[in-house]
Amino acid sequence: MLTAGVDVGSRTAKVVILNEETPVASSLISTGPDSAETCLTVLREAMKAGGLTMESLSAIVTTGYGRYIAPFPHTSITEIACHAKGVHKIFPTARTILDMGGQDCKAIRLNAGGHHTNFIMNDKCAAGTGRFLEILAQSLNVPLQEIGDRSLEAKGTIKISSTCAVFARQEVLSYRRRGVSLEDVLAGVHEAVADRVFGLIKSVGLERDFVITGGIAKNLGVVRRVEKQANLTVLIPPEPQFTGALGAAWLAREV
Amino acid sequence: MLSAGIDVGQHAIKVVLLEQNIVLAYQNMVTEVDADTGARQALENTLKEANTSFDRIQRIVSTGLGRKEVSFSHLQRTQETCAARGAYPVLGKACTVLDAGAGGCRAVKVGHGGKVLDFASNSKCASGTGSFLQIACEVLQIDLAKLDMLAGQADGIAKVSTTCAVFAESAIISNVHRGFSIEDICAGICDSVATRLLEVLSRAGIEKDVFFCGGVAQSKTITRTLERRLGATIHVPTHPLLTTALGAARCIS
């Protein structure tokens, strides 16, 4: 049985193909202006990468904010359920998940069976999301891939008082004008994100094991600071951006 | 008595020089320097215009986000107090003052005699502020007056987020790509700001008369939208940017 999980996020779309219980192909593309077309393109690319035909798929589950508009037969399942499933398959001992995406952030609690029991989500505002980091990286003129590591090279830090990315941007620029080093400013930026997301984790309650997924899981500047606040070592899947798609592909086996 | 009100905002510093309740001179200065230096410059310019000197001023009152950074002020007052003091004498009756600037917005419910009864504010989030309008103008490469005019000519509304300026910015870009008319896009921007302002207004309590000031009050489309949705009369002063500085200059006792 061949199943597909399609996760159409605000910034990127991801697909994982499962042959029985083994992932056999995946793909990731940027979400274009037309979400339906994005769904189709990302799925075709995964099928091509695995040398498979669309007709051989038994079931497709879509998730993410673009999940309803896929132009092929599918079942839509929430990101929360898909993330819980995906993480459970990689780390069966996981009980708390922090999923940090491009435009939203969720804290999810799950049970031993991999089902979510509670969650909280910020999708109303860019604070604590990938977009926040992207905006600040841009205004500080540092490539997004480098900001996390450089923030860990800081000798000091700054306090960003603004929650909002727009005001934080003005704040960091004024720190730079006053001569604060780039690394110290970046440290403050990452602390602001860690504070924000840790607030979400506290509201759902933190239980071990603790897993971080989503694109920002690759940013060690955020991960280390969240670990420090949680006083726990965080588990990170080898490909954190694919967790939702992987869970969707697993759930497709049950629909 | 000669007094000066200095309103140090996120985007600009406003100064009003007041003598016996008559405005002698005023300044609205966009500044890149630190608040203290900028405030001093703006005050010097105002004094020059009024043909008077620094030592003649008996009271300097600072307000706004950067009010604590003005080293030479005698008093510091919150924006809420100053907005109420600036607005109340104009209408002379109970009203709600809505002050929307670059760094935040606030609604102040003012009772008879100018007493502040209640207020609500948003200074945590750029949504519903002048900063959001600035971002929108940059994206569309037009100025605020043009944005306002185009919004006034719209047939529809290309909606954007009312909770986050960053998400709204992305939505504006995608609305452009999706082929919405520039008028509808501008209308969506004004609608987003108005929606957020209504939320702040309703938290403070809405009186029959609303006094609308701050840079955002320069938008006629936002004013009309508020008027339509509230069913209240909205009063916008001739110089909406100066209300808070004027109120500060009045905080002399």
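Residues numbered from 1 in each chain as written. Chains lettered and ligands numbered in written order. Predicted model: local features only at pLDDT ≥ 70, side-chain atom pairs only at ≥ 80, totals over all residues.

**Comments concerning the overall build of chain B**
Scanning chain B from terminus to terminus reveals eight helices and 10 strands. At 18 Å, chain B has a C-alpha radius of gyration in line with the 18 Å of a compact globule built from 253 residues. Expressed as lengths along the three principal axes of its C-alpha atoms, the size of chain B is roughly 60 × 40 × 30 Å. A burial count over chain B gives 53% of its 253 residues as buried. (Helix = DSSP H or I, 4+ residues; strand = E, 2+ residues; numbered from the N terminus. Rg over C-alpha atoms; globule rule 2.2 N^0.38 Å. Buried ≥ 20, exposed ≤ 12 C-beta atoms within 10 Å, placed from the backbone.)

**Digging into helix α3 (residues 130-140) of chain A**
Within the sequence span of α3(A), burial applies to G130(A), R131(A), F132(A), L133(A), I135(A) and L136(A). Where the residues of α3(A) are buried, they touch β6 (96-100), α4 (144-151), α5 (165-177) and α6 (182-204) of chain A together with α5 (165-177) of chain B. The first or second residue beyond α3(A) is N141(A), which carries a positive phi of 60°. (Contact = placed C-beta atoms within 7 Å.)

**Considerations on unusual backbone geometry**
Residue R208(A) is joined to D209(A) through a cis peptide bond whose omega torsion reads -10°. Unlike most non-glycine residues, N51(B) shows phi in positive territory, near 60°. Even without being glycine, Q141(B) reaches a positive phi, approximately 55°.

**Some words on the sheet that holds strand β9 (residues 210-213) of chain A**
The strands that make up a sheet pair up through hydrogen bonds in the backbone, lying either parallel or antiparallel. Residues and elements named next belong to chain A. An order of β8-β7-β6-β9 is seen for the four strands of this open sheet, with the pairing classed as mixed. Whereas interior strands pair on both sides, the edge strands pair on one side only; in this sheet they are β8 (116-122) and β9. With direction set aside, neighbouring strand axes in the sheet form an average angle of 15°. Relative to β9, β6 is paired through four bridges, and the arrangement is parallel. Each residue of the ladder has a partner; that of D99, found in β9, is T213. Packing against the sheet, α6 makes contact with β6, β7 (105-110) and β8, and its axis sits at approximately 25° to β7. (Pairing = 2+ DSSP bridges. Axes fitted to C-alpha atoms, helices over the stretch in contact; angles between N-to-C directions.)

**A look at the sheet that holds strand β5 (residues 75-76) of chain B**
All names here are of chain B. Reading across from one edge, β3-β2-β1-β4-β5 is the order of the five strands in this open sheet, with mixed pairing throughout. Here the strands that pair on one side only, and so sit at the sheet edges, are β3 (22-30) and β5. Relative to β3, strand β2 (residues 12-19) is paired through eight bridges, and the arrangement is antiparallel. Residue pairing for β3: K14 is matched across the bridge by N28.

**As for the confidence of the model for chain B**
Predicted coordinates in areas of low pLDDT are best not read in detail. On average, residues of chain B score 94 in pLDDT, and 100% of them are at 70 or above. For this predicted complex, the interface score ipTM comes out at 0.83, alongside a pTM of 0.85. (pLDDT = per-residue confidence, 0-100.)

**Concerning the interface of chain B and chain A**
Residue-level contacts link 13 residues of chain B with 12 residues of chain A. Put simply, the parts of the chain that give the side of chain B that touches chain A at least two residues each are α3 (130-140) and α5 of chain B.

**Section: the nonpolar core**
Among the nonpolar cores identified, the biggest contains 153 residues, and V6(A), A249(A), I6(B), V15(B), V97(B) and I189(B) are the most heavily contacted of them. Element by element, the count of residues in this core is highest for helix α6 (residues 182-204) of chain B, at 11 residues. When we break this core down by domain, the ones giving at least three residues each are domain 1 (1-91 + 240-255) and domain 2 (92-236) of chain A. (Core = buried A, V, L, I, M, F, W, Y, C linked by C-beta atoms within 7 Å. Domains from an automatic or database assignment.)

**Some points on the pairing of β8(A)**
With six bridges joining them, β7(A) and β8(A) adopt antiparallel strand pairing. Bridged to K106(A) within β8(A) is M121(A).

**Re the environment of V8(A)**
Take V8(A): it is sitting in strand β1 (residues 2-8). Remark: the alpha-carbon pair of V8(A) and S181(A), spanning 173 residues in sequence, is separated by 38 Å.

**Remarks on the domain arrangement of chain A**
By convention, interface size is frequently given as the accessible area that disappears when the constituent parts associate. Residue and element names in this part refer to chain A. We note that the domain assignment places domain 1 (1-91 + 240-255) and domain 2 (92-236) within chain A. When each unit is reduced to the centre of its C-alpha atoms, the spacing between domain 1 and domain 2 is 26 Å. With 15 residues of domain 1 in contact, the opposing surface of domain 2 contributes 26 residues. Its residues placed into classes, the side of domain 1 that touches domain 2 shows six nonpolar, seven polar and two charged. (Nonpolar A, V, L, I, M, F, W, Y, C, P; charged D, E, K, R; others polar.)

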